[in-house]
Amino acid sequence: MRTNYDTTKRHILDAGQKIIAVKGFSGVGLSEILSAAAIPKGSFYHYFGSKEQYGRELMEQYVEDYLQALDQVLQIAVQPTSAARREPARERLLRYWSHWLETQSGAEAMHKCLVVKLSAEVADLSEDMRLVLCDGTRQVMVRLADCIAEGIADGSLRVELEPQKTAQMLYQLWLGASLLAKLQRDRSPLETAMEITINTLASP
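Please read these numbers as outputs of a predicted model, since none were measured by experiment.

Give me helix 4 (residues 51–74): which residues, what numbers.
Spanning 24 residues, helix 4 covers 34 Å between terminal C-alpha atoms, matching the ideal 34 Å at 1.5 Å per step. The set of residues buried in helix 4 consists of Tyr 54, Gly 55, Glu 57, Leu 58, Met 59, Gln 61, Tyr 62, Val 63, Leu 67, Leu 70, Asp 71 and Leu 74. Elements in contact with the buried residues of helix 4: helix 1 (4–23), helix 2 (30–37), helix 3 (41–47), helix 5 (89–104), helix 6 (114–125) and helix 7 (127–154). Gln 75 lies just past helix 4 and shows a positive phi near 60 degrees.

If you want it as structure tokens, here you go:
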């Protein structure tokens, strides 16, 4: 059960994420986080020892939320009922990429990928934050590889696909496409990534 302490802490993290997703970590001052969360400085330091600690916990919370959402989309550890067959893995994977295309080409900052926004910045800024994002991306690729392996087993994907290499290639493709879409302010790199993904995950 979430306590008042946990609820308030989560509120501060969510408030900061909205502006950091737009401005980056270094570009947001503590005063902006305090204003967004509507709390005094003393309350902030009750929950976080420093801005860097705040950044690390923000990354941890983001990764946890992202993996939970990914588990739902990919139906990780979900057993089908006797009345319904499990959805083919290929369909689950393409739904994930379709969701990526729509969220990363939309205007809602809260849904933007913080790996795309912050990875280059925090890699040089904070070892703790770098490690959190690095482990988070690793866990994403493990889940994608597992789902690709399921697709080979259920017959919805080609047997010659190598799950780990394919997952890594597609994830790297989408990270790069998301960065280009930001630079160009155009969703065409994401649409190209979707075309490549569909071709890569073509039915047998």
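That covers the picture; the talk isn't over yet.
Mind laying out the packing of aromatic side chains, listing which residues take part and the relevant values?
Taken as a whole and assessed by the stated rule, the structure comprises twelve aromatic pairs. Their ring planes at 40 degrees and their centres at 5.3 Å tell us that Phe 44 and Phe 48 sit as a pair that is tilted. The exposure classification of Phe 44 matches that of Phe 48, with both residues buried. A centroid spacing of 4.9 Å and a plane angle of 85 degrees characterise the contact between Phe 48 and Tyr 54, whose relative ring orientation is edge-to-face.

Describe a nonpolar patch on the surface, naming the residues involved and giving the relevant values.
Taken together, Leu 179, Leu 180 and Leu 183 make up a surface patch of nonpolar side chains, about 300 Å² in accessible area. Assignment of secondary structure puts Leu 180 in helix 8 (residues 163–184). A relative accessible area of 42% places Leu 180 in the partly exposed class.

What counts and what doesn't
Every chain's residues receive numbers from 1 upward, in the order its sequence appears when written. This being a predicted model, a pLDDT of at least 70 is required before a residue's local features are given, and a value of 80 or more before pairs of side-chain atoms are given or counted; all residues contribute to the totals for chains, interfaces and linings. Values reported for side chains reflect all heavy atoms of the structure, with hydrogen atoms and water molecules removed beforehand. The way it works is that DSSP assigns letters per residue, a run of H or I at least four long becomes a helix, a run of E at least two long becomes a strand, and they are numbered from the N terminus. Expected span, for any helix, means 1.5 Å times one less than how many residues it has. Only protein chains enter the accessibility calculation, which uses a 1.4 Å probe. A residue is then buried if its area is under 20% of the maximum for its type, exposed if over 50%, and partly exposed in between. Any two residues having at least one pair of non-hydrogen atoms within 4.5 Å are treated as being in contact. Ring geometry is summarised as follows: Phe, Tyr and Trp rings, the Trp one being its six-membered ring, pair when their centres sit within 6.5 Å, and such pairs are stacked at plane angles under 30 degrees, edge-to-face over 60 and tilted between the two. Put simply, a patch holds well-exposed residues, over 30% relative accessible area, that have no salt bridge, with like charges counted together within 9 Å and Val, Leu, Ile, Met, Phe, Trp or Tyr side chains within 5 Å. Each accessible area is a Shrake-Rupley result for a 1.4 Å probe, and residues are judged covered by the shown protein chains and nothing else. Each salt bridge in this description consists of a side-chain nitrogen of Lys or Arg and a carboxyl oxygen of Asp or Glu lying within 4 Å of one another.

Just geometry here; none of it tells us what the structure is for.
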